[in-house]
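Below, each chain spelled out in residue letters.
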Amino acid sequence: MVYTRIKLFLFFLLLVSIGVTNAQTSTNVQLYTQQKRVKNEPLFKVVEPDYTVSPFTGMTRKHWKDAALYLLRGAFSYVDKMDDPMQFPKMQGKSYPRIPEQVPTEKLEGLCRTLFLAAPLLKEDSSLEINHIKVADYYRYQICKLIDSTSPSYIKPRPRNGGPHQNLVEFGGLSVSLFAIPEILWKPLPQQQKDKLAALMLSYGDGPTVPQNWKFFNIFILSFYKSQGYSVNEKLLVEYLDKVFGHYRGSGWYDDGPAYDYYSMWAFQMYGMLWSNFFGEKYYPDYARRFRLNFKPMKDNYPYMFARDGKMIMWGRSISYRMGAVIPFPLMGLENDPFTNYGWMRRISSGAILQFLQNPSFLQNNIPTLGFYGPFEPAVQSYSCRGSVFWMGKAFLGLLIPDGNPFWNAKENEGPWEKKMQKGQVYNKLEEGSYILITDYPNIGAAEIRAWCHVPVTGAAEPYRGAENYNRLSYNSAFPWQADGKNGEVAMNYVFLNKKNEWEPFRLYDFKRYDEGCYYRDVSLESDPNIKANLTDITLPNGILRVDRLCTDTSVAIRLGHYALANTRGAIREQSRTMNGYTVKIIDNGEYQLAMVVLKGWKEMEIVKSHGLNPVANESKVIDATDRLLPSSPKLYITLMLWKKSGEKWTDEELVPVRSLQSNKNNDEVIIQFKNGTVKSIHF
């Protein structure tokens, strides 16, 4: 398994690159982190919106620049003088820094990642000034501090036998900005400083990496300095380029060793296109051509992963990078392809930007939180610091696409949502290679995905790869994933009361096939592989029909959760009713309704209230089904998980769309007849 091959690399990375050990965890972080606190700026507003070219968001290229400046002003509110680093208030929890030795890397992250915002702005206005600081002068000054051994921001070169380090990531990002605006960041530097900076960055770039998207950081460092006439390790550069293509799985998707997530887009696809544009076409045209070929098919599936209004799905690690996931859409402008719906690409991109910039929980102390909207510790990884969030600035590298490009000039539209996708229907796309199933629901305008997860967490260097970031049965743009609770609270997964008396979720999934609208997976419990299931998802216009077969060799308590609803409007209403002999439970938060109907197997349902588990609001509710699974023949659990917008009435056929169920003796074949005449045959 790929995971096994990289586990030692990643374990080393976590322990060494940012100094993570339990003994090093400190409750006195405030002794060595930035103490300044600033008041949040008002919510971002689209000033003088242009509803002629952008009838849905009002956002044009000018407003994208406004949005980039809005985020950059927040960062510069911590800079009163040239010596002030890009260092921001630490949030409580697992994020770093945890020891003083991690602080230089923390500052480096803030510096290099805010440059994703600053670089395209400086390219058009090199005299840009924020908080009485000349932005170009500030970044050049701070870059030179990296090579000044007397500076608190000094970064030590990688030792001769040193391994991969977070500094490699940030220097890779810095190389992107050096490529973008060399006339501002690079050319004005004295030759001695250029040489020192080259030696420092190449000490990391000409070295080991992690077998995932990290190879691009080495590639960018080596490529930039080759473009500037320095002697670099071209053999290693080509080796890493070849290995990057080894991650490609088709349909525009790369695996990130081992997972599929947004890194395929804000890393592999973004870096591949920018590298080709900055460097590859001149020096390695065959590799540039391959990156472009791998980029092309993405437009046929990735846009469908966003809601009708552009909202992105909360899914995968590093979700605090948020709208950085839209960067492939403006980069489609590099293709200038007449068959690309640029108006739809921009509508998605602008919608995702507004999804966050206009959320009142997004900023804390003027800096984006570590979370999805507000702070959300269950979604945070230990490799992140507060400045890590500015990876989202990658979205604004789209401003490198010039004003006259069709990405900016095409009239905003909603693509297939407007006419091709009809209400009362559901639309699925399976991506061969990655086996990601993308589903669009016109009734509520939501997008949904089912994706790879097969990583154990016991003793794992990266336990988050098997946690809620990846292990949900599905992920939906309307219902961000909720963390599991210690008392069995669960949303969109099964949990089992294991031998340690802990509620454990499924995470070891194996995709089997997608056949006639049925998405089949097998799964087993990590702590007890004799607890296993055959899972089938059938998507419906208003939700999901689950047909699952579970077996065990021991008695075990089990629970299955629907999506969760956050309490965003003062109360979540509850309702129970009986329909055609089935019990229906409904919750309604004033925006959406969720309904669960047990058709077979479950003993009972309950509505569970929780605190601190939901990324949208502190209080939430979820409908869970419960049972005790006994060691006998495989047992069928057939469950309807449904939704509607609040205020809409349910019809009898929507709540119970199934007319009849039939199964054979071993429950390995199930025939479902729907009231609309459709028949589904499930074959385990």
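Scroll up a little and you will see the structure.
As the structure is a computational prediction, the values presented were derived from the model and not from experiment.

Draft legend 1. Seen up close, the overall build of the protein chain. In terms of regular secondary structure, the protein chain is built from 15 helices and 26 strands. Taking 2.2 N^0.38 as the reference for a compact globule, 684 residues should give roughly 26 Å; the C-alpha atoms of the protein chain span a radius of gyration of 25 Å, in line with that estimate. Taking the principal axes of the C-alpha coordinates as reference, the protein chain spans close to 80 × 60 × 50 Å. Residue pairs at least 24 apart in sequence account for 68% of intrachain contacts in the protein chain once pairs closer than 6 positions are excluded. A total accessible area of about 25,000 Å² is found for the protein chain, and carbon and sulfur atoms account for 48% of it.

Draft legend 2. Molecular detail of the environment of Phe479. Structurally, Phe479 is set in the loop between strand S10 (475-476) and strand S11 (494-497). As a C-alpha pair, Phe479 and Ala566 span 87 residues in sequence and 8.6 Å in three-dimensional space. Not counting the four nearest positions on each side in its chain, Phe479 is found in contact with Ile444, Tyr563, Ala564, Leu565, Tyr592, Leu594 and Trp643.

Draft legend 3. Representation of the sheet that holds strand S7 (residues 427-431) in the model. Judged by pairing direction, the sheet is antiparallel, and its four strands sit side by side in the order S7-S8-S9-S10 without closing on themselves. Looking along the sheet, the strands with just one partner apiece sit at the ends: S7 and S10. Here strand S9 (residues 446-450) runs beside S10; their pairing, made up of two bridges, is antiparallel. In the sheet register, Glu448 faces S10, and the bridge partner there is Asn476.

Draft legend 4. Fine view of the pattern of salt bridges. Overall, the coordinates contain 39 salt bridges when judged by the stated rule. Close ionic contact of Glu335 with Lys299 constitutes a salt bridge, the shortest N to O distance being 3.2 Å. With a gap of 36 residues between them, Glu335 in the loop between helix H12 (328-331) and helix H13 (342-357) and Lys299 in the loop between helix H11 (285-295) and H12 connect regions that are remote in the sequence. According to the relative accessible area criterion, Glu335 is buried, its value standing at 17%. Given the relative accessible area of 14%, Lys299 is considered buried. With its nearest N and O atoms 3.9 Å apart, the salt bridge here joins Lys512 to Asp522. Separated by 10 residues along the polypeptide, Lys512 in strand S13 (residues 508-515) and Asp522 in strand S14 (residues 518-525) bring together distant segments of the chain. You can call Asp522 partly exposed: its relative accessible area is 25%. Each of Glu448, Arg450, Arg521, Asp537, Arg546 and Asp548 takes part in a single network of salt bridges with overlapping partners.

Draft legend 5. Molecular detail of the packing of aromatic side chains. Summed over the entire model, instances satisfying the criterion amount to 69 aromatic pairs. Between Trp275 and Tyr284 the ring centres are 6.2 Å apart and the planes differ by 25°, which places this aromatic pair in the stacked class. Residue classification places Trp275 among the buried positions, given a relative accessible area of 0%. Tyr284 sits in the buried class, given a relative accessible area of 12%. Lying over the aromatic face of Phe245, Arg290 brings its terminal NZ or CZ to 3.9 Å of the ring centre. Residue placement shows Lys644 over the ring face of Trp650; its charged tip is 5.7 Å from the ring centre.

Calculation criteria
- Residues numbered from 1 in each chain as written.
- Predicted model: local features only at pLDDT ≥ 70, side-chain atom pairs only at ≥ 80, totals over all residues.
- Heavy atoms only, no water.
- Helix = DSSP H or I, 4+ residues; strand = E, 2+ residues; numbered from the N terminus.
- Rg over C-alpha atoms; globule rule 2.2 N^0.38 Å.
- Contact = heavy atoms within 4.5 Å.
- Areas by Shrake-Rupley, 256 points an atom, 1.4 Å probe, with all protein chains shown as cover.
- Pairing = 2+ DSSP bridges.
- Salt bridge = Lys/Arg side-chain N within 4 Å of Asp/Glu carboxyl O.
- Buried < 20%, exposed > 50% of the residue type's maximum accessible area, 1.4 Å probe, protein only.
- Phe/Tyr/Trp six-rings, centres within 6.5 Å; stacked < 30°, edge-to-face > 60°.
- Lys NZ or Arg CZ within 6 Å of the ring centre and 35° of its normal.

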